[in-house]
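Structural overview
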Amino acid sequence: RVAPNSERKTLAAFLCPDHTTGPKLEKFKGKASEFADCIRVGRISREDAEHGMRTSIWKTLDYPLAVTSFDKDTWDDIIRPILLQGLPKTGVNRHFPRAMVFGPRCLQGLGYKHPYYLQIIIQIGILMKHWGRPTITGGLLQVEWEALVQCAGLAGSPSDWDWDVAHDYIPK
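Being a predicted model, the structure only gives us computed values, none of them experimental. (Residues numbered from 1 in each chain as written. Predicted model: local features only at pLDDT ≥ 70, side-chain atom pairs only at ≥ 80, totals over all residues. Heavy atoms only, no water.)

1. What about the packing of helix α5 (residues 115–130) against helix α6 (residues 136–152)?
Packed helices, taken two at a time, are described by the angle between their axes plus the distance between the axes. Between α5 and α6, the least distance of the axes is 9 Å, while the angle of their chain directions is 105°. Classed by the angle they form, the pair α5 and α6 counts as roughly perpendicular. Here α5 contributes Ile126, Leu127 and His130 to the contact with α6, which in turn contributes Thr137, Gly138 and Leu141. For the contact of α5 with α6, a count of residues per class yields three nonpolar, three polar and no charged. (Axes fitted to C-alpha atoms, helices over the stretch in contact; angles between N-to-C directions. Helix = DSSP H or I, 4+ residues; strand = E, 2+ residues; numbered from the N terminus. Parallel < 35°, antiparallel > 145°, perpendicular 65-115°, else oblique. Contact = heavy atoms within 4.5 Å. Nonpolar A, V, L, I, M, F, W, Y, C, P; charged D, E, K, R; others polar.)

2. What to know about the nonpolar core
One finds Trp58, Ile78, Ile82 and Leu83 to be the most contacted residues of the largest nonpolar core, which totals 24 residues. Those elements giving two or more residues to this core turn out to be α1 (22–41), α2 (46–62) and α3 (72–89). Residue contributions to this core peak at six residues, all from α3. (Core = buried A, V, L, I, M, F, W, Y, C linked by side-chain atoms within 4.5 Å. Buried < 20%, exposed > 50% of the residue type's maximum accessible area, 1.4 Å probe, protein only.)

3. Considering α2
Between its first and last C-alpha atoms α2 spans 22 Å; for 17 residues at 1.5 Å apiece the expected length is 24 Å, and the two agree. Turning to α2, its buried residues number three or more, namely Ala49, Gly52, Met53, Ile57, Trp58, Leu61 and Asp62. (Expected span 1.5 Å × (residues − 1).)

4. Quick notes on the packing of aromatic side chains
All chains considered together, the criterion is met by six aromatic pairs. Centroid distance Phe28 to Phe70: 5.7 Å. Interplanar angle 85°. Geometry classified as edge-to-face. Here Phe28, found in helix α1, pairs with Phe70, found in the loop between α2 and α3; they are 42 residues apart in sequence, far enough to count as distant. Judged by its relative accessible area of 6%, Phe28 is buried. Through pairs of rings, three or more aromatic residues link up here, namely Phe28, Phe70 and Trp75. Between the NZ or CZ atom of Arg54 and the centre of the ring of Tyr112, over which it lies, the distance is 4.1 Å. (Phe/Tyr/Trp six-rings, centres within 6.5 Å; stacked < 30°, edge-to-face > 60°. Lys NZ or Arg CZ within 6 Å of the ring centre and 35° of its normal.)

5. Thoughts on the environment of Tyr112
In this structure, Tyr112 sits in the loop between α4 (98–101) and α5. The class for Tyr112 is buried, based on a relative accessible area of 3%. It is 7.7 Å that separates the C-alpha atoms of Tyr112 and Arg54, two residues lying 58 residues apart in sequence. If sequence neighbours within four positions are ignored, Tyr112 has contacts with Glu50, Met53, Arg54, Trp58, Val101 and Phe102.

6. A look at a nonpolar patch on the surface
Taken together, Leu127, Trp131 and Trp145 make up a surface patch of nonpolar side chains, about 280 Å² in accessible area. If you trace the backbone, Trp131 turns up in the loop between α5 and α6. (Patch = residues over 30% accessible without salt bridge, like charges linked within 9 Å, V, L, I, M, F, W, Y side chains within 5 Å. Areas by Shrake-Rupley, 256 points an atom, 1.4 Å probe, with all protein chains shown as cover. Salt bridge = Lys/Arg side-chain N within 4 Å of Asp/Glu carboxyl O.)

What follows is the structure in C-alpha cells.
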C-alpha cells in the first residue's frame, strides 16, 4: 500500500498518486546539478561535451516527459545549471540567447529542444494515439478526464468550460 503523497519510481519517473510534483522536481534538479558538477570539473573536448549533453542529460530529462507536468519556469530552473556549465564546455558563451540555444540548426541555432515544449508535444501525441481506444493508457486517460470533471464540480464537458474560471476550481 502506497500513501497518497509518497513517490515510487516507475520507468525512470517518480510518481505520486496525488499528482504532487515535489519529489519529481527534486530528482530532476538533482540529476541536472550532478551533471553540471561533472561537466564543470571534467576535462573533455568541445565535441565530447556537446555529445554528452545531447545523449546523456538531455535524454535523461526527455525520457519521463510523458508523465511530467512542469511549467516553463520550472523547466528553466531545472536546466539552468546544465546550460551554465555545459555551454562553455561546448565553446558557447553561457549567456548565449536561449532562443538561439533552442532554435533549429537550419536557422543557426544549437538545436536543443526545450523540455517544456517537448513535454507538451509528447503528451498531445499520447492523447491522439490512445484517447477512446481500448488500451491501458486509453483507460487511464478516461479515468483522469472523469476525475477532472468530478474534482472541479462543474457541469458539462471540460472541453466546453471557460478555463479562465475553471482553473480556480481544479486542485494544483
